[in-house]
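# Examination of the molecular architecture
These are the residues of each chain, in order.
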Amino acid sequence: MRSIYMAAGLLMTAIGIVGVFLPLLPTTPFLLVAAWCFSRSSPRLERWLLNHGTLGPPLTNWRREGAISARAKTVAICLIVASYGFFYYRTAPSPLLAVVVGLVLSASALFILTRPLPQKR
């Protein structure tokens, strides 16, 4: 099982890093899964990921407090709004589809907005 967790962790890390450069692909959820996989396969890679200068702080904030930084919240909400606008104007969806997509994105935004801010340490 350790090999499977290691392979999954490496794959999730790769997808997460690609997500840094592709705006519609989320980074942090993949890296959270990668950290979880590494916690079961390689404590060294888990430490590397959590202590990484760029990738580590959001993961540590989430693990420690379930918190999302104000900057990350702002970027996420702006991208959600932009994504809905792009979806709406490029696809001309039926009213039902527009409402369903709007509700899913609104629920995502609400989840993000209700997470606490990280405590100063």
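These notes cover the structure that comes with them. Think of each chain on its own: its residues are numbered from 1, step by step along the sequence as written. The model is predicted, so local features are restricted to residues of pLDDT at least 70 and side-chain atom pairs to those at 80 or more, both for listing and for counting; the totals for chains, interfaces and linings are taken over all residues. Side-chain numbers here rest on the full set of heavy atoms in the structure, without hydrogens or water.

### Re the pattern of salt bridges
Keep this limit in mind: Take a side-chain nitrogen of Lys or Arg and a carboxyl oxygen of Asp or Glu: if they are within 4 Å of each other, that pair is a salt bridge. Only DSSP runs of H or I reaching four residues or more are called helices, and only runs of E reaching two or more are called strands; each is numbered from the N terminus. Each residue's exposure class comes from its accessible area (1.4 Å probe, protein chains only) as a fraction of the maximum for that residue type: buried when under 20%, exposed when over 50%, partly exposed otherwise.
Applying the stated criterion across every chain, the model contains 2 salt bridges. For Glu46, the salt bridge goes to Arg63, with nearest N and O atoms at 2.8 Å. Residue Glu46 is located in helix 3 (residues 43-51), and its partner Arg63 is located in helix 4 (residues 56-65); the two are separated by 17 residues in the primary sequence. What makes Glu46 buried here is its relative accessible area of 15%. With a shortest N-O distance of 3.0 Å, Arg64 and Glu65 are connected by a salt bridge. Relative accessible area serves as the criterion here: at 22%, Glu65 is assigned to the partly exposed category.

### Quick notes on the side chain of Lys73
What counts, and what does not: Under the counting rule used here, the positive set is Lys and Arg, the negative set is Asp and Glu, and His together with the chain ends is not counted.
Within the fold, Lys73 resides in helix 5 (residues 70-91). No salt bridge forms around the buried Lys73; measuring N to O, its nearest opposite-charge neighbour Glu65 is 10 Å away.

### Here we look at the packing of helix 1 (residues 2-21) against helix 2 (residues 28-41)
Just so we agree on the cut-off: Axis angles are defined between N-to-C directions and span 0 to 180 degrees, where every axis is a line fitted to C-alpha atoms and, for a helix, only to the segment in contact. Each angle receives one of four descriptions, namely roughly parallel if under 35 degrees, roughly antiparallel if over 145, roughly perpendicular if within 65 to 115, and oblique otherwise. Helix crossings get a hand from a simple test, with the near helix turned counterclockwise from the far one by less than a right angle marking a left-handed crossing and a clockwise turn marking a right-handed one. Note on contacts: a residue pair is in contact if any heavy atoms of the two residues lie within 4.5 Å.
At a minimum axis separation of 8 Å, helix 1 and helix 2 run at an interaxial angle of 155°. By the angle between their directions, the pair helix 1 and helix 2 is classed as roughly antiparallel. Relative to helix 2, helix 1 is oriented so that their crossing is left-handed. Where helix 1 abuts helix 2, its residues Arg2, Tyr5, Met6, Ala8, Gly9, Leu10, Met12, Thr13, Ile15 and Gly16 lie against Phe30, Leu31, Val33, Ala34, Trp36, Cys37, Phe38, Arg40 and Ser41.

### What to know about the packing of aromatic side chains
Stated formally: Ring geometry is summarised as follows: Phe, Tyr and Trp rings, the Trp one being its six-membered ring, pair when their centres sit within 6.5 Å, and such pairs are stacked at plane angles under 30 degrees, edge-to-face over 60 and tilted between the two. Whether a charge lies above a ring is judged from NZ of Lys or CZ of Arg, which has to be within 6 Å of the ring centre and within 35 degrees of the ring normal.
A full pass over the atoms with the stated rule returns 5 aromatic pairs. On the numbers, 5.8 Å between centres and 50° between planes, the contact of Tyr84 with Phe87 is tilted. Note that Tyr84 and Phe87 are positioned in helix 5 at a spacing of 3 residues, about one turn of the helix. Assessed through its relative accessible area of 18%, Phe87 is described here as buried. Among the aromatic side chains, those forming a connected cluster through ring pairs are Tyr84, Phe87, Tyr88 and Tyr89. Taking NZ or CZ as reference, Arg115 lies 4.2 Å from the ring centre of Phe111, over its face.

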